[in-house]
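# Overview (structure and organization)
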Amino acid sequence: MIKIAVDAMGGDYAPKEQVQGAMLAIKNIDDIVITLYGDETEIRKYLTNGERITIVQSDGVIDMGEKDPIRAIRSNRKSSMALALSSVRNEENQCIVSSGATQALIAGAHILVGRMKAIKRTAIAPLMPTVTKGKSTILLDAGGNIEIKPEFMVHQAYFAHIYAKEILGVKEPKIGLINIGTEPGKGRQLDKDVAKLFEEDKMLNFIGNVEPKDVLDPPCDILISDGFTANIVMKTVEGTAKGLGKILKQEITNGFIGKIGALLSKKNLMNFKNRLNPEEIGGAMIYGLRGVVVKAQGSSKSVGFYNAIRQAALIVRNDVLDKVQKVIESEME
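Residues numbered from 1 in each chain as written. Predicted model: local features only at pLDDT ≥ 70, side-chain atom pairs only at ≥ 80, totals over all residues. Heavy atoms only, no water.

### Thoughts on the nonpolar core
Counting 67 residues, the largest nonpolar core has Ile4, Ile32, Ile34, Ile138, Tyr287 and Ile309 as its most contacted members. Broken down by element, the residue count for this core peaks at 10 residues, all from helix α6 (residues 150-166). Residue contacts for Ile138: discarding those within four places in its chain leaves Ala125, Pro126, Leu127, Ala160, Tyr163, Ala164, Leu168, Asp221, Ile222, Leu223 and Tyr287. Of all hydrophobic cores here, the second largest spans 35 residues; its members include Ile73, Ala109, Met234 and Ala284. (Core = buried A, V, L, I, M, F, W, Y, C linked by side-chain atoms within 4.5 Å. Buried < 20%, exposed > 50% of the residue type's maximum accessible area, 1.4 Å probe, protein only. Helix = DSSP H or I, 4+ residues; strand = E, 2+ residues; numbered from the N terminus. Contact = heavy atoms within 4.5 Å.)

### Looking at α6
The end-to-end C-alpha separation of α6 is 25 Å, in line with the 24 Å expected for 17 residues at 1.5 Å each. Across the 17 residues that make up α6, a large majority, 14, are buried. (Expected span 1.5 Å × (residues − 1).)

### Side note on a nonpolar patch on the surface
A contiguous nonpolar patch, built from Ile146, Phe228 and Ile232 and spanning about 290 Å² of accessible area, is present on the exposed surface. Residue position: Ile146 is located in the loop between β7 (136-140) and α6. (Patch = residues over 30% accessible without salt bridge, like charges linked within 9 Å, V, L, I, M, F, W, Y side chains within 5 Å. Areas by Shrake-Rupley, 256 points an atom, 1.4 Å probe, with all protein chains shown as cover. Salt bridge = Lys/Arg side-chain N within 4 Å of Asp/Glu carboxyl O.)

### Looking at the environment of Ile167
Mapping Ile167 onto the fold places it in the loop between α6 and β8 (174-178). In the structure, Ile167 is positioned 150 residues away from Arg317 in sequence and 9.6 Å away in space, judged by C-alpha atoms. Once residues lying within four places of it in the same chain are set aside, the contact partners of Ile167 are Leu314, Ile315, Asn318 and Val320.

### Overview of the sheet that holds strand β1 (residues 2-7)
Spatially, β3-β2-β1-β4-β12-β11-β5 is the arrangement adopted by the 7 strands of the open sheet, whose pairing is mixed. Here the strands that pair on one side only, and so sit at the sheet edges, are β3 (53-57) and β5 (123-125). Strand after strand, the sheet turns through a mean of 25° between neighbouring axes, direction not considered. Bridge analysis of β1 against strand β4 (residues 95-98) gives 3 bridges, and the strand direction is parallel. Residue Ala5 lies in a different strand from β4, and its bridge partner there is Ile96. Here helix α1 (residues 16-28) sits on the sheet in contact with β1, β2 (32-38) and β3, set at roughly 170° to β2. (Pairing = 2+ DSSP bridges. Axes fitted to C-alpha atoms, helices over the stretch in contact; angles between N-to-C directions.)

Shape descriptors only; they carry no functional weight alone.
Okay, structure coming up:
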């Protein structure tokens, strides 16, 4: 059985959505057991089915707006997030899912889980929806490192390459560098240096630069940049999707005929919404750690949290970390 730790108190709607998401995961996934870390009294208000679910009492919560995440983790070792992370380090669990404060989770993962020796910088790697139904693109780094050295991005690309093969089922993953133009030599010095390293690497199938306007219909399976750029891309897509949804709703419900059309196309509109909904994909794995850490959105509802748990279980089931470690070690020999 795959043992999964859940930070039940982290997130905008904790612990209700986390508990309901955990129960949904147990219902749909046969080979997992879940430990919920949090306030037992609050958790039991929503836990209607305790099958393969246990509770560990925690003391305190890392605030979603925490400005000093390192201090918060170090001074709150009995918080739900810290206890869940520590359980992975102690091998009590094989992975953790949290929708708590992102920077606190990253800091806590570094301190309490630890980073792979071969990978110098971790990365947040969400899956982005695409115009091709059922297909996702790995985006990294979505906020882990505002500044980074080119050689560190190569190791992040290795991780994404293996993730794409093992989790997304892509036989020969293609990688593209987010840039202001597709022509070689475009962008900052960082972009030029990274492109050169990718071109010279024998394992990576580098296709060149990809413009932000193509992120929902990319010519590749992996999109990579520094944490600042990729985070802006991710949030721009999310904001645009929400805005388009509102505009579309306004237009199709304008007037009697529009309302009839909206009624007739209700199912299609719901499908449109779901395809752009990050909760349908799951969480973002934090690359480069010695344990599996998946960050669900802070606003995750039960389905989104369930999908994050499903994603974490799949990563463990496919031994992604061991495969990454072997590839990087062989490259460094």
